[in-house]
Amino acid sequence: MHTYPYKETSLLVDAFTKASGRITLVARSARRPRSAMRGTLMAFQPLSLSWVGRGEVKTLTKAEWLGGISLLRGEALLCAFYLNELLIRLLAREDAHEALFDRYADALRQFSVGEASAPILRRFEKALLKELGYALVLDREAFTGEQIDPARYYTYDPEKGALAARDSETEHAVIGRTLLSLARDEFDDIRTSHEARALMRSLINHRLEARQLNSRRVFRELLEL
Amino acid sequence: MKSQGTLSSLEELIEALRCLPGVGPKAAQRMAFYLLQRDRPGAERLAAALGRAIETIRRCASCNSFTEAHLCDLCASAKRDTTQLCVVETPADLVMMEQTLAYKGLYFVLMGRISPLDGIGPRDIGLEVLQKRALDGQVKEVIVATNFTNEGEATAHYIGEILKGRGIKLSRIARGVPVGGELEYVDAGTLAQALVERRPV
C-alpha cells in the first residue's frame, strides 16, 4: 500500500495481504540502484510476497509482480490513494480481512479500466465499515424496526442506525431513497449519490475519530488551484 | 551523561548530526567522535562550508533549483531554448536529464512530489510557482518528467490540471523497454505498460 524509506538503502513496506491482513515488511537494500525489488514494490499493484520473521516487522524475501491491473492515473489514482489511507488508518495490523481484500482488489481493477469512481468508493467504504464490525443497516428504522420509507427523511446515527427525522431541515437528514439505493449499490440519481457521499464521509470520520485524512486535504487543494 | 536540561557541546553535536537522513543515535555518535578525534581540520572545513552554503544558496527565480545568484547558470544561459520547460522532481533528476544531452530547453524543479499518504500536497511543492512560470508567455511546451511512481504520476496529473486549456502544449516523457533492452530480461511490469502504451510504427 505504501513504502517508507528505512535506514540507508532499505524500505519499510506497508502491505495488505489476503491471508494475513495488513503487515509491515522491511525490504533490505530495495533502494539500491540495481535492486531487483526496485520498481516492483509499487502501490496498487498485485504482488506475490514471501517473508520471514515473527515480530511486528517481518523481512521481505521475495516480491513477484502478478500483473493484471494496469497502472492507475489521473482521478482514479487519487481515489486509490484515499482507499490506501483508509486501510492504513483503520485496519489493525495482522488481522485477516479476506472479503475486504477481494473488494479492494475489485476496486483497483475497476479504477484501472476507467469505471466511474463514486460507486466504487461507496461500495468499498461500506465493505470497510462492515469488516470493522460496523455494518450499515439501511433497510430498517433503528428505533421502531419499520421498513425505510423512500419518501421520508432520516438521520443515520453511527452507533444506532437510521432514525426517523422530523423533516428535511433536520441536520444531516437524508431522504429514505438514499439509504435504500446505498443498500442496493445504485448511484445513478444525482441527489441520492450526493447524500450517500456525505453520509459515508460522516460515518468514516466517526471511525477515524479526530484524525484528518491527508488524501482528502490534498484533493481539496487541487480543486482550489 | 548530565541530568540537567542543557546539553554539552558534544551531545549537541551528536543531536545536530541526527538531522541527516538515515543517521541514528549510534551513527551520529560515531561521526562526532571521528570528527573530534581524527579529523579536526575536516570538521572545521565542514562547519565553514555548511555555514557559507546556508548563507549564500537560495532558490533560482526561474527554475526553483539551488543557486547562489538570482538565476542559476542554466537559466541564465543564452544557448537554451526558452520555449520548452521540463518539469522534474529534484535537482538530481535535472542533472540526469542534462547528462542525456538530448534536451536544450529550460527546467523547473518542483523540489518534491505529491504524496497524499505522506501528507504532501500541491501547496508543499512548487506547483503554484510552476503555474506562474509556465504561463509567463515565453513557454510554449511543458514536458512533465516526474518519476513513474504513483506519486510522480499523481504530480503529473496535477500539473496537467493546472495548465490545461491555457494554450500550452503539454507532454509527458515516454516510458517502456530500456534502450538495448531484450524482452526476455525486461521486468514484467515495464513490459506490460509498454504494451498498454504501444505506438503505431
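Computed from a predicted structure; not experimentally measured.

1. Brief notes about the overall build of chain A
Along its length, chain A carries six helices and eight strands. Seen along its three principal axes, the alpha-carbon backbone of chain A occupies a region of about 65 × 40 × 30 Å. In chain A, which comprises 225 residues, the proportion classed as buried is 47%. Considering only residue pairs separated by 6 or more positions, chain A has 50% of its internal contacts joining residues 24 or more positions apart. Per element, the accessible surface of chain A, about 11900 Å² overall, is 48% carbon and sulfur.

2. A closer look at the pairing of strand 6 (residues 169-172) of chain B
All names here are of chain B. The sheet contact formed by strand 5 (residues 141-144) and strand 6 spans four bridges and is parallel. Directly across from Ile-143, in strand 6, lies its bridge partner Ser-171. Traced from strand 5 through helix 7 (residues 150-163) to strand 6, the parallel crossover comes out right-handed.

3. Side note on the sheet that holds strand 3 (residues 21-27) of chain A
The strands that make up a sheet are held in pairs by hydrogen bonds between backbone atoms, and each pair lies either parallel or antiparallel. Residue and element names in this part refer to chain A. Here we have five strands laid out as an open sheet, ordered 1-2-3-5-4, and mixed in their pairing. Taken across any chain shown, the strands that pair with only one partner, and hence form the sheet edges, are strand 1 (2-6) and strand 4 (47-52). Averaged over all neighbouring strand pairs, the angle between strand axes comes to 40 degrees, with direction disregarded. Where strand 3 lies against strand 5 (residues 57-65), three bridges are found, and the strand directions are parallel.

4. Section: the pairing of strand 2 (residues 10-17) of chain A
Residues and elements named next belong to chain A. Buried residues dominate strand 2, accounting for seven of its eight residues. When strand 1 meets strand 2, the two strands line up antiparallel, connected through five bridges. Each residue of the ladder has a partner; that of Tyr-4, found in strand 2, is Leu-12. Joining the antiparallel neighbours strand 1 and strand 2 is a turn of three residues, in which Lys-7 adopts a positive phi near 50 degrees. Where strand 2 lies against strand 3, seven bridges are found, and the strand directions are antiparallel. Directly across from Phe-16, in strand 3, lies its bridge partner Arg-22. Hairpin connection from strand 2 to strand 3: three residues lie between these consecutive antiparallel strands.

5. Re the packing of aromatic side chains
Residue and element names in this part refer to chain A. Summed over the entire model, instances satisfying the criterion amount to five aromatic pairs over all chains. Consider the rings of Tyr-104 and Phe-124, whose centres lie 6.1 Å apart with planes at 55 degrees: the pair is tilted. With Tyr-104 in helix 2 (residues 98-112) and Phe-124 in helix 3 (residues 117-131), this residue pair connects regions lying 20 residues apart in the sequence. According to the relative accessible area criterion, Phe-124 is buried, its value standing at 0%.

6. Side note on the interface of chain A and chain B
It is common to give the size of an interface as the accessible area that goes away when the parts come together. Counting residues at the interface gives 28 residues for chain A and 31 residues for chain B. Summed over both partners, the interface of chain A with chain B buries about 2400 Å², with 66% contributed by carbon and sulfur atoms. Inspection of the region where chain A meets chain B yields zero salt bridges. One can count five residue pairs in polar contact (both at pLDDT 80 or more) joining chain A with chain B. Those elements that place two or more of their residues in the side of chain A that touches chain B are strand 1, helix 1 (74-90) and helix 6 (214-224) of chain A. Partitioned by chemical class, the residues of the side of chain A that touches chain B number 15 nonpolar, six polar and seven charged.

7. Considerations on a nonpolar patch on the surface
A cluster of nonpolar side chains, contributed by Leu-46, Leu-50 and Ile-54 of chain B, occupies part of the molecular surface with about 320 Å² of accessible area. Examined against the element boundaries, Leu-46 of chain B turns out to sit in helix 3 (residues 40-56).

8. Quick word on the confidence of the model for chain B
With 97% of its residues at a pLDDT of at least 70, chain B reaches an overall mean of 86. The ipTM assigned to the predicted complex is 0.78, against a pTM of 0.80.

9. So, the layout of surface pockets
Approximately 560 Å³ is the volume attributed to the second largest pocket. As for the second largest pocket, its lining consists of 18 residues, of which Cys-79, Leu-121, Arg-197, Arg-201 and Phe-219 of chain A are closest to the centre. Only helix 1, helix 3, helix 5 (190-208) and helix 6 of chain A together with helix 7 of chain B provide two or more residues apiece to the lining of the second largest pocket.

10. Observations concerning the sheet that holds strand 7 (residues 161-164) of chain A
Residue and element names in this part refer to chain A. Here three strands make up an open sheet; going across it, the order is 7-6-8 and the pairing antiparallel. Each end of this open sheet is capped by a strand with a single partner; those strands are strand 7 and strand 8 (174-175). Across two bridges, strand 6 (residues 153-157) lies against strand 8 in antiparallel orientation. Its bridge partner being in strand 8, Tyr-153 is matched across the sheet by Ile-175.

11. Quick look at helix 5 of chain A
The α-helix advances 3.6 residues per turn, and as a result positions three or four apart in sequence lie on the same side. Residues and elements named next belong to chain A. Its 19 residues place the ends of helix 5 27 Å apart at the C-alpha level, agreeing with the 27 Å of an ideal helix rising 1.5 Å per residue. Looking only at helix 5, the buried set comprises Thr-192, Ser-193, Glu-195, Ala-196, Leu-199, Met-200, Leu-203, Ile-204, Arg-207 and Leu-208. Buried-residue contacts for helix 5 involve helix 1, helix 3, strand 6, strand 8, helix 4 (176-183) and helix 6. Immediately downstream of helix 5, the backbone of Glu-209 shows phi near 55 degrees, a positive value.

12. Observations regarding the environment of Lys-160 of chain A
In this fold, Lys-160 of chain A is placed in the loop between strand 6 and strand 7. A C-alpha to C-alpha distance of 36 Å links Lys-160 of chain A and Glu-224 of chain A, two positions 64 residues apart in sequence.

13. Quick word on the state of the cysteines
All names here are of chain B. Going through the model one piece at a time under the given rule, you end up with zero disulfides over all chains. Distance from the sulfur of Cys-75, which forms no disulfide, to the nearest cysteine sulfur (Cys-72) is 3.5 Å. By relative accessible area, Cys-75 is classed as buried at 14%.

Rules of the game
Note on numbering: residues in each chain are counted from 1, in written sequence order. Chain labels run from A onward and ligand labels from 1 onward, assigned in the order the entries are written. The model is predicted, so local features are restricted to residues of pLDDT at least 70 and side-chain atom pairs to those at 80 or more, both for listing and for counting; the totals for chains, interfaces and linings are taken over all residues. Values reported for side chains reflect all heavy atoms of the structure, with hydrogen atoms and water molecules removed beforehand. The secondary structure listing takes helices from DSSP runs of H or I that are at least 4 residues long and strands from runs of E that are at least 2 residues long, numbered from the N terminus. A simple rule labels every residue: compare its accessible area, found with a 1.4 Å probe on the protein chains alone, to the largest value its type can have, and call it buried under 20%, exposed over 50%, or partly exposed in between. Whether two residues are in contact is decided by their heavy atoms, any of which lying within 4.5 Å being enough. The Shrake-Rupley method, run with a 1.4 Å probe sphere, supplies the accessible areas, and residue values consider only the shown protein chains as cover. Strand pairing follows a simple DSSP-based rule, namely that at least 2 bridges must link the two strands. With the strands aimed away from the viewer, a crossover counts as right-handed if its path from the first strand over the helix to the second runs clockwise. Orientation is described by lines fitted to C-alpha atoms, with helices fitted over the stretch in contact, and by angles between N-to-C directions that extend from 0 to 180 degrees. Stacked, edge-to-face and tilted are the three classes for Phe, Tyr and Trp ring pairs, Trp counted by its six-membered ring, which pair at centre distances within 6.5 Å; planes under 30 degrees apart are stacked, over 60 edge-to-face, the rest tilted. Throughout, buried area stands for the accessible area (probe radius 1.4 Å) lost by two parts on being put together, summed over both. Salt bridges are defined by distance alone: a side-chain nitrogen of Lys or Arg within 4 Å of a carboxyl oxygen of Asp or Glu. Polar contacts, as used here, are pairs of N or O atoms within 3.5 Å; protein pairs need one atom able to donate a hydrogen and one able to accept it. Residues neighboring in sequence count only if both atoms are side-chain atoms. Gly is placed with the polar residues, together with every amino acid not listed as nonpolar (Ala, Val, Leu, Ile, Met, Phe, Trp, Tyr, Cys and Pro) or charged (Asp, Glu, Lys and Arg). Each patch is built from residues lacking any salt bridge and having more than 30% relative accessible area; the joining distance is 9 Å for like charges and 5 Å for nonpolar side chains (Val, Leu, Ile, Met, Phe, Trp, Tyr). Scored from 0 to 100, pLDDT records how confident the predictor is in each individual residue. In the cavity and pocket records, a cavity denotes points on a 1 Å grid over the protein atoms alone where a 1.4 Å probe fits but cannot get out, a pocket denotes an open set with protein on both sides within 12 Å along at least 5 of 7 lines, and lining residues are residues with an atom within 4 Å of a point. Grid points are joined across faces, edges and corners, and a volume is the space filled by probe spheres set on the points. Working rule for helices: expected span equals 1.5 Å times residues minus one. Throughout, disulfides are identified as pairs of cysteine sulfur atoms within 2.5 Å of each other.

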